[in-house]
Every structure is written in C-alpha cells, then in structure tokens.
Amino acid sequence: MSTFKDLGLNEYLLQAITDLGFVNPSEVQEKAIPILLESETDLVALAQTGTGKTAAFGFPMLEKIDVNSRTTQGLILSPTRELCLQITNEMKQYGKYCKGLNVVAIYGGSSITDQAREVKRGAQIIVATPGRMKDMISRRLVDITKIQYSVLDEADEMLNMGFYEDITDILSHTPEDKSTWLFSATMPREVATIAKKFMDNPQEITVGNKNESTSTVSHEYYLVNARDRYQALKRLSDANPDIFSVVFCRTKRDTQKVAEKLIEDGYSAGALHGDLSQNQRDLVMKSFRNKQIQTLVATDVAARGIDVDDITHVINYQLPDEIETYTHRSGRTGRAGKTGVSIVIVSKSEVRKIKSIERIIKKQFEKKDIPDGADICEVQLMSLANKIHNTEINHEIDKHLTRINELFADTDKDELIKKFFSVEFTRFYNYYNKSKNLNIAEGSFDSDGGRDFKGGKNSTRYFINVGRKDGFDWMKLKDFLRELLDLGKDDIFKAEVKDSFSFFNTENELKEKVLAFFTDFKHEGRFVNVEVSENRGGGGRRDRKGGGRRRDDKRGGGKREGRRSDSGNRSERRRSEGSSKPRRSDSGSKSNDFASSRPRRSRR
Ligand code: AMP
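Rules and cut-offs
Residues numbered from 1 in each chain as written. Predicted model: local features only at pLDDT ≥ 70, side-chain atom pairs only at ≥ 80, totals over all residues. Heavy atoms only, no water. Patch = residues over 30% accessible without salt bridge, like charges linked within 9 Å, V, L, I, M, F, W, Y side chains within 5 Å. Areas by Shrake-Rupley, 256 points an atom, 1.4 Å probe, with all protein chains shown as cover. Salt bridge = Lys/Arg side-chain N within 4 Å of Asp/Glu carboxyl O. Helix = DSSP H or I, 4+ residues; strand = E, 2+ residues; numbered from the N terminus. Near = heavy atom within 4 Å. Polar contact = N/O pair within 3.5 Å; in protein donor to acceptor, adjacent residues only side chain to side chain. Nonpolar A, V, L, I, M, F, W, Y, C, P; charged D, E, K, R; others polar. Domains from an automatic or database assignment. Buried < 20%, exposed > 50% of the residue type's maximum accessible area, 1.4 Å probe, protein only. UniProt positions renumbered as here; feature names shortened; annotations may be inferred. Pairing = 2+ DSSP bridges. Axes fitted to C-alpha atoms, helices over the stretch in contact; angles between N-to-C directions. Contact = heavy atoms within 4.5 Å. Phe/Tyr/Trp six-rings, centres within 6.5 Å; stacked < 30°, edge-to-face > 60°. Lys NZ or Arg CZ within 6 Å of the ring centre and 35° of its normal. Parallel < 35°, antiparallel > 145°, perpendicular 65-115°, else oblique. Left-handed = near helix turned anticlockwise from the far one by under 90°.

Chemist: Explain a nonpolar patch on the surface here, please?
Modeler: Together, Ile 397, Leu 401, Ile 404, Leu 407, Phe 408 and Leu 416 line one region of the surface with nonpolar side chains, adding up to about 510 Å² of accessible area. If one sorts the elements of the nonpolar patch by residue count, helix α17 (residues 401-407) sits on top with three residues. Of note, Ile 397 is situated in the loop between α16 (373-390) and α17.

Put into structure tokens, the structure is as follows:
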C-alpha cells in the first residue's frame, strides 16, 4: 500500500493530511491522484460516496491551481447544497496551508449577492450546485471562462435530479481544453452520454464494481404486512439501542408522517424533505450531525447531500421506485472504513424486488425476523446494564449516601439490583408484553390482496355504506378514505367492496379519527356512514349480511335523518370507549414508557 507521500503530493497538503489524521490513501485516492497529478487528462471515476473521492479530486486540484492568481481555475459541480458545503469545507481543510487559497461555495437558498461578493474577492476554486451556478453565469456574477479543471461530482445524482441542461449550459461557458473529472457511484446510460459528450478520451478508474455496494455494508430484509411497517421500524430501532440511522421513505408526506409518529412515540427523530425550508433542513441536519437526532427520516432527494460518517443503519421503510436508488441509500452507511447495515422492510408484494437488488449490488440479502418483545426487552436491559457498568461515578452523590443507605438498609444486593433495573425494565416489559409477531412467512397472502382476512386484535374493521354502485372498487375505496382522512399508504387495509356497502380496516389507534370524521359527512349529496363492524376479520358471508342488517336495524330503514342522529349517538359512545382504553395497542405505552429514557437523554 502506498503512502500519501508516494502519491507525489506536496508538503502543504501532506501537513494538512497529517492534521486530518488520514494515515493511508483510500483506494480511489490511490488510483486517481497519480493519474491527475501526472497528466492533464479527463477522468471517469466510479466510486461511491464515503470512499474518499473528495480528496481524490481535491488534492490534485489544490496541487495544480495557482493560489497567487485570483482567477477562477477550478469548478466543482455537485447535486445538492449540503454536498456543496461539505466539499467546500473539505477543500478548505485540505488546503489550509495553501496561503491565499479562496474556495467559495455557490448554492441556492442563500444570498446571491453575498456569494457574488465572495467570488469577486478572487476564488481560485468554486464549488457549486448547477441551478445557482447557471443563474450567476447569466447575471455575469462569475467568470468561468478560464477554468482549467472541472469536476462533476455525483454525476448520476445530478442527472437524476434533472440537471442535464444546466450542466450542459454551464460547461459551454468553460474552455474547450480544460480537464474534466467525473465522479459517479453508478454508471447509467445518461452518465456515459455526458462522459462521451464532454470528455476527451477519459481515463477510467473503478473502485469496487460498477453499481456495486461497498463491502462494509451488509444487507438484510424483514418481511411484514404492509400495515405493520411502522411497528417493525420501531422494533428494529429498539433492538439496536445505539442506532444512528437514516430511514428512507418514498414520498415527502410519508417522510413527514413517519418522523412525526416517531417523535410522538418518544424517539429522537427528525424529517428531511423538500417541503421544509432550507433553514429547517439545516437545523435538522445539524441536530443529526451532533447526534441529537438518532433517526433521520428522509426522502431520496433530500438525503442526497447527507455526508455523515457514523451512520450505523440505513432503513428502507419503503423501497425506492427505481431500484438503482437502493445503492445510493445503502451507501450512506459503511462509510470511511466503518461497517454498516442496510435494512429493507418489505411487504409480500414487493419481496421479489429483493432479488433484483441483489443482482444490482452483487450481494446477497439475509432474511431476518423482526425481533419479538422478549428479545427487545433483553437487549435494552443488557444495554442499560452495560451503560451502568461503564458509568463514571459522580461523587456529588456521596453526600446523599447516608440517607440512601438508610433507606435500603434491609435490601440485599440482589433485591436492590432487581428493583433498580425494574424501573426501566418494567416500562419495556409493559410495552412489549403480549406484543404480536410481526413476521409473515414468504408463502402467506398479503392482506391487501384481499385474501387474508384474519383480523388482528390491533385492528378495527368498519362498515361503510358505499359500494360498487357508487363507483368504488377496493383500490378506489382505499384512496378515497386515505385522502379524506389524510392517512398514509398502508393505513387502510382489508378493503372489501360489495354492491351497496363495503368494509375496511385500520389500526385501532385510528378508530377515533375515522369515526369522528364520518359523523356528518356527505359524498355526492348523500350522507356516508361508517361504523365499527363487530367481526374484526370481516369479509365472510355472515359478517357481510350482519353488517348490512345491523345498519338497517339501527337506522330504522336507513333514512338519512335517522343516520344523522344515530351518528351523533355513536360518537358519544366512542368517546367513553376511547377514554377507558390505552392510547395505543402497541405503541401507547411507548411514549410514556421506556422509549423516553433513551431518546430524551440523547435530545438533551
Ligand atoms: P468522501 O467520499 O470524500 O465523502 O469522504 C468520506 C469521508 O472519509 C470524509 O469524512 C473524509 O474526510 C474521510 N477521508 C477521506 N480520505 C480519507 C483517508 N485517506 N483516510 C481516512 N479518512 C478519509
């Protein structure tokens, strides 16, 4: 293995490298740096984030530019503001002994005038996002007509985000004879096209195989019913007390909802998606970097800039639409030589995608079971025991010791330990005692297919007086209800549509919300009634008839007036039921109970 000195870097850079604590060059650095130092060449490098690629192009660029000139000589384009700032920061650190060096970040969401002023001071290197860069070029606030080195970082991401036109436009303002260095984690056709169009006989290096996942990441999947996704996520978090994770959702809405639910349930979580203001996103990222947030729930687009080294787990709450995106997600963990786990929570209908991902990443997934309550209690208890064992004694306690000893004079050591741990353990135990098994066998039916009508005790089945005659099928009914009630994709399940009425299920925790909504709701001029069906599983012939009859019995022939007044009574009944029940079947005690110990501590 070579050293940084062997690669031919100058003293200034070697000193900064020592300060940063880098001992040996990473693979991409070892391959790219000598090529870029020795010749003026174009380069295509296939390397994941976290492999040290910023230094792979950063060191040669810093070595080659003239810091005594104020002309802009290097341009680095990156897909997101976060990444842009990270690269700028890294470049400044690498070049901290290069006197006169000015690296300027240009990105949207911040004052363009301030950035223009910075550039005017003489920026030898500009790190930019394509949109803002194009804007500044058109306003003549930057001059890139003399650059000698351009870097397209995370080229696949930039193209995914629709920056092709912007990149083309920006590069058209740069000299023909500059060197272009393209870095990309994957090599889709679009990236190959860019390479062909803008580069002249580029040298190629590959770190790992194209599109392949890094070797430090292991891949696991967990098969659950779609409606149990959230519970599965919580269990996976609880089974890993020191988890520091990114949870990926498909939409902004799901991202926000999952984060909100986690926070409500006592976890230290935050949401990162495009509907948040830049300020909000910065705050969330700051908290995540400082580890005040243990779980960051993010969309793919928003997470593109995440460059945090210690992420222990990436959790695919939902698989991405494009399975290639999985490589990007899993690349957020296992960085800088650390190990990581990439988890997929998968429902029956998606499980075949696992095979396709395996083909892309050239790695096998391990199918694992969501831990049961007893396992989680044990993990949490032992984690607490270890923490206590490793805790440094605070001697401020000494002055209270006499009184405490008096209190425990008759308690022997075993009893004291049991009592002490029960404070925490009982919370875990109460929460997970009698929790259900979330795992489903690969051969079983998925509930949304309409065949598995085993109603669990955690779900409520409803009767609704609309059906096929009203234009519904099970999918339309689900969409209709989700939209009305502002629910997530998996919140309505076991929808079964008959001619003039239907059934559906939700988790018990949504019962109040569902029933409250339909106390006085009209659809196409007609009152829509929803009531709890006694048979949780529903769907059977008897249940169906029972549902219909019960409605007629109660409503005196189903007259509109009757329905309205009955709805009122129903909500009265519900209110009294609601107050006597625990808030949630599986998560109710969570927010008050054990979860509070871990997240609250980390929030402080
Ligand atoms: P990057 O792939 O450029 O995002 O780098 C990922 C992380 O690895 C960053 O935090 C770098 O500071 C760090 N890093 C880069 N090169 C090395 C190296 N040779 N040894 C140790 N850490 C490195």
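After that view, the rundown keeps rolling.
Chemist: How should the site of the ligand be read in this particular structure?
Modeler: In the vicinity of the ligand lie 17 residues, with Asn 24, Gln 29, Gly 52, Thr 54 and Asp 309 positioned nearest. Backbone polar atom of Lys 53 to an oxygen atom of the ligand: 3.2 Å apart, as the coordinates give it. In the complex, 82% of the free accessible area of the ligand, which totals 500 Å², lies under the protein chains. Here the residues of the shell around the ligand sort into four nonpolar, eight polar and five charged. Two domains share the shell around the ligand, each providing at least three of its residues, namely domain 1 (11-206) and domain 2 (217-367).

Chemist: Looking at this structure, how should I read the pattern of salt bridges?
Modeler: One side chain can pair with another of opposite charge once the charged atoms of both are near each other. Inspection of the entire model under this criterion finds 30 salt bridges. Linking Arg 139 and Asp 135 is a salt bridge whose minimum nitrogen-to-oxygen distance equals 3.4 Å. Residue Asp 470 is joined to Arg 526 by a salt bridge in which the shortest nitrogen-to-oxygen separation is 3.0 Å. Of this pair, Asp 470 sits in the loop between β15 (459-464) and α19 (474-485) while Arg 526 sits in strand β19 (residues 526-528), placing them 56 residues apart in sequence. The exposure class assigned to Asp 470 is partly exposed, which follows from its relative accessible area of 27%. Of the residues examined, Arg 526 reaches a relative accessible area of 26% and is grouped as partly exposed.

Chemist: Honestly, the UniProt feature "short sequence motif: Q motif" (unreviewed entry) in the protein chain in this entry has me stumped. Any pointers?
Modeler: Per the UniProt record, the feature "short sequence motif: Q motif" (unreviewed entry) sits at residues 2-30. Each end of residues 2-30 is marked by a C-alpha atom, and these two atoms are 7 Å apart; helix forms 48% of the span and strand 0%.

Chemist: Just to check I follow, could you spell out the sheet that holds strand β17 (residues 502-507) for this structure?
Modeler: Note on sheets: strands pair through backbone hydrogen bonds, and any given pair is parallel or antiparallel. What the four strands build is an open sheet, ordered β16-β17-β15-β20; its pairing is antiparallel. Of all the strands in the sheet, the pair left with one neighbour each is β16 (493-497) and β20 (530-532). On average, adjacent strands in this sheet sit at an angle of 25° to one another, irrespective of strand direction. Sheet analysis places β15 next to β20, joined by three bridges and oriented antiparallel. Across the sheet, the residue bridging to Phe 463 is Glu 531, located in β20. Where α19 meets the sheet, its contacts fall on β15, β16 and β17, and the angle it forms with β16 comes to roughly 120°.

Chemist: Help me understand the packing of aromatic side chains, please; the structure alone is not making it clear to me.
Modeler: Each pair of aromatic rings is reported with the distance of its centres and the angle of its planes. Enumeration according to the criterion identifies 20 aromatic pairs in this entry. When the centroid spacing of 5.6 Å and the interplanar angle of 50° are considered together, the rings of Tyr 326 and Phe 365 count as tilted. With a gap of 39 residues between them, Tyr 326 in helix α14 (residues 325-330) and Phe 365 in the loop between α15 (352-361) and β14 (366-367) connect regions that are remote in the sequence. A single burial state applies to Tyr 326 and to Phe 365, both of which are buried. Here the aromatic rings of Phe 463 and Phe 501 are separated by 5.6 Å at their centres, their planes lie at 35°, and the arrangement is tilted. Residue Phe 463 is found in strand β15, and its partner Phe 501 is found in the loop between β16 and β17; the two are separated by 38 residues along the sequence. Each member of the pair, Phe 463 together with Phe 501, is buried. Ring pairing ties together the aromatic residues Phe 472, Phe 480, Phe 517, Phe 518 and Phe 521, which thus form one cluster. Above the ring of Tyr 230, the side-chain terminus of Lys 261 is found at 4.6 Å from the ring centroid. Across the ring face of Phe 244, the terminal group of Lys 291 is positioned such that the distance to the ring centre comes to 4.8 Å.

Chemist: Help me understand the packing of helix α3 (residues 53-64) against helix α4 (residues 81-94), please; the structure alone is not making it clear to me.
Modeler: Describing two packed helices takes the angle between their axes plus the distance from one axis to the other. Between α3 and α4, the least distance of the axes is 10 Å, while the angle of their chain directions is 50°. On the basis of the axis angle, α3 is oblique to α4. Every pair of crossing elements has a handedness; the one defined by α3 and α4 is right-handed. Here α3 contributes Thr 54, Ala 55, Phe 57, Gly 58, Phe 59, Met 61 and Leu 62 to the contact with α4, which in turn contributes Ile 87, Glu 90, Met 91 and Tyr 94. Considered class by class, the residues forming the contact of α3 with α4 number eight nonpolar, two polar and one charged.

Chemist: Honestly, unusual backbone geometry in this entry has me stumped. Any pointers?
Modeler: Among all residues except glycine, the phi angle is most often negative; among peptide bonds, the trans geometry is most common. The phi dihedral of Lys 362 falls on the positive side, at around 55°, and the residue is not glycine. Looking at Lys 362, the relative accessible area reads 55%, which means it is exposed. Its identity is not glycine, yet Asp 486 carries a phi of approximately 55°, on the positive side. Within the element layout of this structure, Asp 486 appears in the loop between α19 and β16. Classification of Asp 486 as partly exposed rests on a relative accessible area of 46%.

Chemist: Mind showing me how you'd approach the pairing of strand β12 (residues 313-316) here?
Modeler: When a strand is regular, its side chains alternate between the sheet's two faces. On β12, burial covers both faces: His 313 and Ile 315 on one face and Val 314 and Asn 316 on the other are all buried. Here strand β9 (residues 245-248) runs beside β12; their pairing, made up of four bridges, is parallel. Note that in β12 the partner of Ser 245 across the bridge is His 313. In terms of strand pairing, β12 meets strand β13 (residues 340-346) through four bridges, oriented parallel. Within β13, the position partnered with Asn 316 by the bridge is Val 344.

Chemist: I'm lost on the environment of Arg 482 in this one. Help?
Modeler: Within the secondary structure, Arg 482 is located in helix α19. The exposure class assigned to Arg 482 is partly exposed, which follows from its relative accessible area of 24%. Linking Arg 482 and Ile 492, residues 10 residues apart in sequence, is a C-alpha distance of 7.0 Å. Setting aside residues no more than four positions away along its own chain, Arg 482 makes contact with Arg 253, Leu 487, Gly 488, Lys 489 and Ile 492.

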